[in-house]
Amino acid sequence: MEENITSVPVLRFIELLGTFAFAISGIRHAAAKHFDWFGGYVCGIAVAIGGGTIRDVMLGVTPFWMTNPIYMICTAFALVVVIVFAKYMEYLSNAWLVFDTLGLALFTIAGIQKSLACGQPFWVAIIMGCITGAAGGVIRDVLLNNEPVIFRKEIYAIACVFGGLTYWLLREMSMPIEITVTASFFVTCIIRFLAVRYKISLPLLKDSGNA
Amino acid sequence: MEENITSVPVLRFIELLGTFAFAISGIRHAAAKHFDWFGGYVCGIAVAIGGGTIRDVMLGVTPFWMTNPIYMICTAFALVVVIVFAKYMEYLSNAWLVFDTLGLALFTIAGIQKSLACGQPFWVAIIMGCITGAAGGVIRDVLLNNEPVIFRKEIYAIACVFGGLTYWLLREMSMPIEITVTASFFVTCIIRFLAVRYKISLPLLKDSGNA
Amino acid sequence: MEENITSVPVLRFIELLGTFAFAISGIRHAAAKHFDWFGGYVCGIAVAIGGGTIRDVMLGVTPFWMTNPIYMICTAFALVVVIVFAKYMEYLSNAWLVFDTLGLALFTIAGIQKSLACGQPFWVAIIMGCITGAAGGVIRDVLLNNEPVIFRKEIYAIACVFGGLTYWLLREMSMPIEITVTASFFVTCIIRFLAVRYKISLPLLKDSGNA
């Protein structure tokens, strides 16, 4: 296994599952604002590919979604699912949470690996991992005219940071890449699940008067 | 006629008319929020060049507006027109709609041609055509703290998609470029005009509960 | 002194002071919306590096913050300061205004010099100077779901434009680079201070009816 997760079939499958869950998240938020199908599709796209696109533009490489239509197709499929199964979406909340978290963990690793492959230092790679995992949701909230939810609730991007630090630590210790990826993946997932389960949040900033 | 519309004088003229109409749209929306002249200018710029800039950054080429000051000058002229003729702007609504639609159709074709010239496949070119035509209005709405209007009302970006598909179809059939461009142009315009005239919209997404 | 301000120690120091003040601005605005620590950090980052990142992406070079971790560290330090000294932040408003203005003036010059070094014409360089100085605050307001404050109040980006024009004028006159930089710096600062002191604003756009 090289240091490129998308060449491993099982991880490739998780990537698509994550893309699908991210797209579902964007489309459902758009539905809550009564956007039309096109608006839903764009919000789905924004969550699914927004973070990776920002990463690729900053790395100076062609945005990943332009090299393979699978991400657009996956989002179109998510749109059909949301439209057809609107009534049942709510009962699947736990499934979306699981898929979303798997996607978050994998996107983070993908962002780290791509940044390292572009010759970036590790601290940049960790930031790029965070951006890959978490920036799409921020773009969604900006498009929907909401305050970005990850700035106020939940441990989300911070889980990416810890996943990234785990990757870095194990890599420094020259661990095999399989172990490094697996450990990083589970650290991100576990932190996210624990935060959701026990409603753990970061402290809020206190209003310090007229800014 | 090569596959590059901006080398044809009549299309070059339509491009400037479209830029002007797009800038007017940004500045008038800024006026509705009582922004100052500078805010109006930035919103005008955002609509006029925002979509093309996103396209060019993703294609990895220098943003088009940096190669010719005409777009900045055209927007400045639009600002002067809005300030001086504020009282009469409302009566010109139909003119703006026509210019805006001509611009939309032409920007879409320009986006497609530039993407193909950069070696992108056709499905990427159609997306880039849409972004060139429609993303500027989304940036405007984000800057104005509004929900993007094209996500809820009107057939707008979808008209670009059909214009793009027309371009693709005729090109696959090896039609002369003049016919391909003209047909694509009119398909986009006609779909947009029909949608406005008969108030045709895409179906809205149904709220599927807590997203 | 070459035409690259960041190689001069005193200007390097002002750059960090400006970065710090910009970060403080982002974090305090986030605090006013009761974001958490992570949200505050991201808003601080957005103001401190957002403008320069947009500039670098459009110039086609690696974003400056990826070449040196000092900007991330400086913002982290600003976050600690806002958290620990929340009660005292309000009394320091004048200090933040001064630091912010120094940063604005220096960022503008840095943006101009980098653009010229990339072979851009001067009118592009002035726009890039404005973007470097002022776009971060717009990103902050978009993330916070506010209307961008610089579109409605204060002379802010216009001060950058005048600073940039001063740079251009003196450079055309073949003045020594030290004088060009110093004059441009003070023009930006003085216009900004006068505008704040005497509450000078640009005229507002009049609402011209349904846009």
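Model, not experiment: these values are computed from the prediction. (Residues numbered from 1 in each chain as written. Chains lettered and ligands numbered in written order. Predicted model: local features only at pLDDT ≥ 70, side-chain atom pairs only at ≥ 80, totals over all residues. Heavy atoms only, no water.)

Let us look at the relation of the copies chain A and chain B. Once chain A has been moved 0.0 Å along the axis and rotated by 120 degrees, it coincides with chain B to within an RMSD of 0.0 Å. Put plainly, the chains are arranged around a three-fold axis. Looking at the interface residues of chain A, only 9% of them are also at the interface in chain B, so each copy uses its own face. (Least-squares fit on C-alpha atoms with pLDDT ≥ 70 in both. Contact = heavy atoms within 4.5 Å.)

Let us now look at the interface of chain A and chain C. Across the contact, 31 residues belong to chain A and 33 residues belong to chain C. Summing the contributions of chain A and of chain C, the shared interface buries around 2,800 Å²; its carbon and sulfur component is 68%. The interface formed by chain A and chain C contains 1 salt bridge. A salt bridge links C:Lys33 to A:Glu147; its shortest N-O distance comes to 3.1 Å. Joining chain A to chain C, the criterion identifies 6 residue pairs in polar contact (both at pLDDT 80 or more). For the side of chain A that touches chain C, the element with the highest residue contribution is helix α5 (residues 122-143) of chain A, accounting for 6 residues. Broken down by class, the residue content of the side of chain A that touches chain C amounts to 19 nonpolar, 6 polar and 6 charged. (Buried area = accessible area lost by both parts, 1.4 Å probe. Salt bridge = Lys/Arg side-chain N within 4 Å of Asp/Glu carboxyl O. Polar contact = N/O pair within 3.5 Å; in protein donor to acceptor, adjacent residues only side chain to side chain. Helix = DSSP H or I, 4+ residues; strand = E, 2+ residues; numbered from the N terminus. Nonpolar A, V, L, I, M, F, W, Y, C, P; charged D, E, K, R; others polar.)

Attention now moves to empty space enclosed by the protein. Once rolled over the atoms, a probe with the size of a water molecule shows which space is left empty. Under the defined criterion, the tally for this structure stands at 2 cavities of 30 Å³ or more. Its boundaries defined by the atoms lining it, the largest cavity holds a volume of some 40 Å³. Forming the boundary of the largest cavity are A:Asp141, A:Val142, A:Asn145, A:Asn146, B:Val142, B:Asn145, C:Val142 and C:Asn145. In terms of residue class, the lining of the largest cavity is made up of 3 nonpolar, 4 polar and 1 charged. For the second largest cavity, the calculated volume is near 30 Å³. Taken together, A:Ile150, A:Glu154, A:Ile155, A:Tyr156, A:Ala157, A:Ile158, A:Leu202, C:Asp36 and C:Phe38 make up the lining of the second largest cavity. Residues belonging to the lining of the second largest cavity are distributed by class as follows: 7 nonpolar, no polar and 2 charged. (1 Å grid on protein atoms, 1.4 Å probe; cavity = no way out; pocket = protein on both sides within 12 Å on 5 of 7 lines; lining within 4 Å. Points joined across faces, edges and corners; volume = space filled by probe spheres on them.)

So, about helix α2 (residues 37-59) of chain B. Residue and element names in this part refer to chain B. A rise of 1.5 Å per residue sets the reference length of α2, with its 23 residues, at 33 Å; its end C-alpha atoms lie 32 Å apart and thus fit the reference within 8%. Along its length, α2 reaches its greatest deviation from straightness, about 55 degrees, at Ile49. Among the 23 residues in α2, 19 count as buried, and that is most of the element. Immediately beyond the C-terminal end of α2, within one or two residues, lies Gly60, with a positive phi of roughly 80 degrees. (Expected span 1.5 Å × (residues − 1). Bend = angle between axes of the 7 residues up to and from the residue. Buried < 20%, exposed > 50% of the residue type's maximum accessible area, 1.4 Å probe, protein only.)

All names here are of chain A. Under the definition given, this model contains 36 aromatic pairs over all chains. Aromatic pair Phe122 and Trp168: ring centres 6.4 Å apart, planes at 45 degrees, arrangement tilted. Linking Phe122 in helix α5 with Trp168 in helix α6 (residues 157-172), this pair joins segments that are 46 residues apart in sequence. Look at Phe122 and you get buried, because its relative accessible area is 11%. Looking at Trp168, the relative accessible area reads 35%, which means it is partly exposed. Over the face of the ring belonging to Tyr198 we find Arg197, whose NZ or CZ atom lies 5.0 Å from the ring centre. (Phe/Tyr/Trp six-rings, centres within 6.5 Å; stacked < 30°, edge-to-face > 60°. Lys NZ or Arg CZ within 6 Å of the ring centre and 35° of its normal.)

The next point concerns the UniProt feature "transmembrane region" (unreviewed entry) in chain A. Residues and elements named next belong to chain A. Here the UniProt feature "transmembrane region" (unreviewed entry) sits at residues 12-31, 38-58, 70-88, 95-116, 122-143, 155-170 and 176-195. Taken end to end, residues 95-116 is 100% helix and 0% strand, and its two terminal C-alpha atoms sit 32 Å from one another. Between the C-alpha atoms that bound residues 155-170 the distance is 23 Å, and the span itself is 88% helix and 0% strand. (UniProt positions renumbered as here; feature names shortened; annotations may be inferred.)

All names here are of chain C. Applying the stated criterion across every chain, the model contains 21 salt bridges over all chains. In this structure, Arg12 and Glu15 form a salt bridge, with 2.8 Å as the shortest nitrogen-oxygen distance. One end of the pair, Arg12, and the other, Glu15, are both in helix α1 (residues 9-32), 3 residues apart, so they sit about a helical turn from each other.

Mapping chain A onto chain C leaves a residual RMSD of 0.0 Å; the transformation is a rotation of 120 degrees accompanied by 0.0 Å of translation along its axis. Interface overlap between copies: only 10% of the residues of chain A at the interface are likewise at the interface in chain C, consistent with a contact formed by different surfaces.

Moving on, we come to the interface of chain A and chain B. At the junction of the two partners, chain A supplies 32 residues and chain B supplies 31 residues. Taken together, both faces of the contact between chain A and chain B bury some 2,800 Å²; the carbon and sulfur share is 69%. Three residues stand out in chain A for area buried against chain B, namely A:Asp36, A:Phe38 and A:Met66, and they jointly supply 23% of the buried area on that side. Summed over the shared surface of chain A and chain B, the result is 1 salt bridge.

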